[in-house]
Amino acid sequence: MKWQKSKQNKVVKKAFAAFTIGTLMMVQPLTAFAEAVEFRIGNDGKSYWYEDGVLQGTYDDPKGVLGDGTVRGREIYDPATNAWYWLDSVYGGAKAVGKEVWIPYIYQNEASFSEDDIVENANYSDEGLIALAEKSIRERTGKWVRYDENGKMLKGWVTIEGELAECYPEQKGNVYYYDHKTGFMVKGNVTIEGKDYFFNETTGVLETKEDDTDMPSVEKQVLYSAKGVTITATGLEDTWNGPQLNLLIENNSSRDVIVESIDESVNGYMIDSVLMAEVEAGSSVNDGITFQASSLEESGVKNVATMEFKLQIQNSNWSTLATSKTIKVDTSIAGSYQQKYDDLGNDVMNKNGVRIVEKGVVYDSSFGTGVVLYIEDNSDKDITVQISDVYVNGIMMDGIIAEDIAAGKKAMSEIIFFDSDLQDNDITNINEVQLYFNIINKKTGDELFVSDKVIMKFQ
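Residues numbered from 1 in each chain as written. Predicted model: local features only at pLDDT ≥ 70, side-chain atom pairs only at ≥ 80, totals over all residues. Heavy atoms only, no water.

Q: So what exactly am I meant to see when it comes to the overall build of the protein chain here?
A: Counting its regular elements, the protein chain contains five helices and 35 strands. Buried positions account for 49% of the 459 residues belonging to the protein chain. Within the protein chain, contacts between residues separated by at least 24 positions form 59% of all contacts whose residues are at least 6 apart in sequence. For the protein chain, the exposed area adds up to about 22400 Å²; of that, 46% sits on carbon and sulfur atoms. (Helix = DSSP H or I, 4+ residues; strand = E, 2+ residues; numbered from the N terminus. Buried < 20%, exposed > 50% of the residue type's maximum accessible area, 1.4 Å probe, protein only. Contact = heavy atoms within 4.5 Å. Areas by Shrake-Rupley, 256 points an atom, 1.4 Å probe, with all protein chains shown as cover.)

In structure tokens:
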């Protein structure tokens, strides 16, 4: 799935910094979902969680977190977004953003506690909760989790910057890693994607990493210069989130601008990437396009030979002022590196220059259960791939894919089915998927064509 850049204004308020690290959060056991659960937007613009029409996460929530004799909040799972959130009683149960929380394992069904511990404290009285929490702290049988600027539990590499740094300014620049499955903050010696790292055993901050001497180089070059804005590539470096093309952005215009990158690819593969630089009028900033390590790994890109992208210049209200033509940057290995494209699988569509190959089902996808696709856009238009009339094992169901692919490029993608939807329909294994692919002109939004019915069968 394409990672979509958020264009929200800064939503994390400095008031959240009052929640200091180390606050004890004791969470009640997880319970079954109510029949009707949903977020609703309050009159104050904040999100609130309701179960069967009843507001949750308030001071009198019976399932809430106990701390200092009061309910501090509650962690909930939203099946609609397949994500975990924190409800903050201090703000009337509003969904928290940019917050860290300590959760003893006993309340997450991950405990090393004995069965006697659970039975002894089965009534979950204040005394019982405190006793179990103290044991959790003493034996380090708990986990730190963190929620992002949209309230979702963070997973993978996290650098404390931007909105997160506003919440915890003392952590600015720190790098952490949160387990992809459970969201817990890793500590100590850890191997991630084949590389060895050491995270402080108390704070979880990354301290050392395996040296990587294979990063190629990039010559300094001006990439864009128009309307008073000049953008220069100054080098390529390995960061915790992936290789980053370093940029010097000079704004000699009379207005503040925001610079983003779009349609990013590496070695011919569309790659999830991040650049959002705010540059005041008359000033300069050093920033960069970070090509996400997880996306590179999924595409089988082991080193960076060629990067292609467009630069988009916007004003402070997010209105587009200019978009560059496609920019190509070659590294020092561009002439010698040979990228392999994994197009093995079942061809399910090959029409008007667009080819789609089905590569099987992944049951532990980050967002749910996924049908893996390899897609080639051999046409002369940038496209978006969508789907319609989807049936799983004969049952009509929502599937999610909205993959943007630049002309002449390739992409690894997934059709995502939320696990909650599969469970509601008693589907434990996907045996067959029927659907139509809708190919959209990315520039105009017009539908270019619709595939014949596609039937994918799985063992």
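Now that the structure has been shown, we can carry on.
Q: What should I look at first to understand the sheet that holds strand β15 (residues 221-226) in this one?
A: Pairing between the strands of a sheet comes from backbone hydrogen bonds, and it takes one of two forms, parallel or antiparallel. Taken in spatial order, the five strands make up an open sheet running β15-β16-β17-β22-β20, and their pairing is antiparallel. A strand with exactly one partner marks an edge of an open sheet, and here the two such strands are β15 and β20 (273-274). Relative to strand β22 (residues 283-291), strand β17 (residues 242-251) runs antiparallel, the two being bridged by eight bridges. Along β22, the bridge assignment pairs N246 with G288. (Pairing = 2+ DSSP bridges.)

Q: What am I meant to see in the environment of N174 here?
A: With respect to the secondary-structure elements, N174 resides in the loop between α3 (163-167) and β11 (175-178). Considered as a pair, N174 and T159 are 15 residues apart in the sequence and their alpha carbons are 5.8 Å apart. Setting aside its immediate chain neighbours within four residues, N174 contacts V158, T159, I160 and V205.

Q: Whenever I open this one, the pairing of strand β28 (residues 369-377) confuses me. Can you help?
A: One face of the sheet, then the other: side chains in a regular strand alternate in exactly this way. Within β28, nine of the nine residues are buried, which leaves it mostly tucked inside the rest of the structure. The side-chain alternation of β28 yields two buried faces, one formed by T369, V371, L373, I375 and D377 and the other by G370, V372, Y374 and E376. Where strand β27 (residues 354-362) meets β28, seven bridges bridge the pair, whose relative direction is antiparallel. Its bridge partner lying in β28, V354 is registered against D377. Here β28 runs beside strand β32 (residues 410-417); their pairing, made up of eight bridges, is antiparallel. What sits directly across from Y374, in β32, is M412.

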